Amino acid sequence: MPKAAIFDLDGTLLDSVDLHALAWHEAMVKFGHYVSFEQARSQIGKGGDKLVPMFLSPDEQRDHGKDLEEWRGNRFKTEYLPLVRPFSAVPDLLRRVRDAGLRIAVASSAKKDELDTYLDIARIIDLVEVATSSDDVEESKPAPDVFEIVLKKLAIDGPDAVAIGDTPYDAIAAGKAKVATIGVLCGGFTESSLRQAGCIEVYPGPATLFARFQESLLTR
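Before going into details, it helps to say that this report is about the structure given with it. All values derive from a computational prediction rather than experimental measurement.

Calculation criteria
- Within every chain, residues take consecutive numbers counted from 1 along the sequence as written.
- Since the coordinates come from a predicted model, pLDDT governs what is reported: local features require at least 70, and pairs of side-chain atoms require 80 or more to be given and counted, while whole-chain, interface and lining totals use all residues.
- The side-chain values count all of the structure's non-hydrogen atoms but skip hydrogen atoms and water molecules.
- Segments assigned H or I by DSSP are reported as helices when at least four residues long, segments assigned E as strands when at least two residues long, and all are numbered from the N terminus.
- With the radius of gyration taken over C-alpha atoms, the globule rule is written as 2.2 Å times the number of residues to the power 0.38.
- Type-normalised accessible area, obtained with a 1.4 Å probe on protein chains alone, sets the label of each residue: buried when under 20%, exposed when over 50%, and partly exposed for intermediate values.
- In this analysis, two residues are considered to be in contact whenever any of their non-hydrogen atoms come within 4.5 Å of each other.
- To be clear on the numbers: accessible area is Shrake-Rupley with a 1.4 Å probe, and residue cover counts the displayed protein chains and nothing else.
- Salt bridge, as applied in this entry: a Lys or Arg side-chain nitrogen positioned within 4 Å of an Asp or Glu carboxyl oxygen.
- We call two strands paired when DSSP finds no fewer than two bridges between them.

So, the overall build of the protein chain
Okay, so step 1: Looking only at helices and strands, the protein chain has 10 helices and 8 strands in total.
Okay, so step 2: In summary, the protein chain has a C-alpha radius of gyration of 17 Å against a globular reference of 17 Å for 220 residues, a match within 12%.
Okay, so step 3: C-alpha atoms of the protein chain, sized along the principal axes, occupy 50 × 30 × 30 Å.
Okay, so step 4: Taken over 220 residues, the protein chain has a buried fraction of 56%.
Okay, so step 5: For the protein chain, long-range pairs separated by at least 24 residues make up 64% of all intrachain contacts whose partners lie at least 6 apart in sequence.
Okay, so step 6: By element, 49% of the accessible surface of the protein chain is carried by carbon and sulfur atoms, the whole surface being about 9,700 Å².

Quick word on the environment of Ser 108
Okay, so step 1: When you line up the elements, Ser 108 lands in the loop between β4 (103-107) and α6 (112-121).
Okay, so step 2: Given the relative accessible area of 0%, Ser 108 is considered buried.
Okay, so step 3: For the pair Ser 108 and Asp 170, spaced 62 residues apart in sequence, the C-alpha separation works out to 9.1 Å.
Okay, so step 4: Residue contacts for Ser 108: discarding those within four places in its chain leaves Asp 8, Leu 9, Leu 115, Thr 132, Ser 133, Ser 134, Lys 141 and Val 146.

Regarding the pattern of salt bridges
Okay, so step 1: Enumeration over the complete set of coordinates arrives at 15 salt bridges.
Okay, so step 2: Note that Asp 8 is salt-bridged to Lys 141, the shortest N-O span being 3.0 Å. Taken together, the residues Asp 8 in the loop between β1 (4-7) and β2 (14-15) and Lys 141 in the loop between β5 (130-132) and α7 (145-154) connect sequence positions 133 residues apart.
Okay, so step 3: Residue class for Asp 8 comes out buried when judged on its relative accessible area of 7%.
Okay, so step 4: Residue classification places Lys 141 among the buried positions, given a relative accessible area of 0%.
Okay, so step 5: We note a salt bridge from Arg 195 to Glu 191, for which the minimum N-O separation is 2.9 Å. In this pair, Arg 195 and Glu 191 are both assigned in helix α9 (residues 191-197), 4 residues apart and thus about one turn of the helix distant.

Digging into the pairing of strand β7 (residues 180-184)
Okay, so step 1: Counting buried residues in β7 gives 4 out of 5 residues, a clear majority hidden from the surface.
Okay, so step 2: Here strand β6 (residues 161-165) pairs with β7 via 4 bridges, running parallel. Looking at the pairing, Ile 164 lines up with Ile 182 of β7.
Okay, so step 3: Pairing between β7 and strand β8 (residues 199-203): 4 bridges, direction parallel.

So this is what it looks like as structure tokens:
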């Protein structure tokens, strides 16, 4: 049995990927970079430190990268955060995990000031023992920093945990920390891309993982 389950938030427990992609798309266009919605969406799951360099040159990042990220953050909070909803059965899944004796953690690329809001929206704030945001680390996913900090806070080793995420970046980051990953398709990435990144199991979403809990990686 694993000792802990480490959940991603956006696209895994919360239906927010398209909303983040819209905010990034609008921010890029506002600052003079034509980045399509689809291009922005393909990078959701990374923190801004990894996403922005995909579209801005080093000179552009120095010139207006911070302003762009700040505008994006404000746009998301005012226009899109009120629209974020959890996927089905999220609290049920986490209670099932807890009742099985696993500790529950969150390793997210979200900003620290957004994290408690997300946990509240998902109705899991009382179920999560440890939470880590992009503000707690030097590098966001696909670097392993968020997982390494969660493991340190839990005082366990990577093989004692299972990660649950919706993007290849989750699986790559977890794999670098020696954590096995369960993938979910509700964030919009394909099963093949998740498996290629290292996911051992893939489910349509939290509700299916809840229904098939006993046969999942979380029980063995």
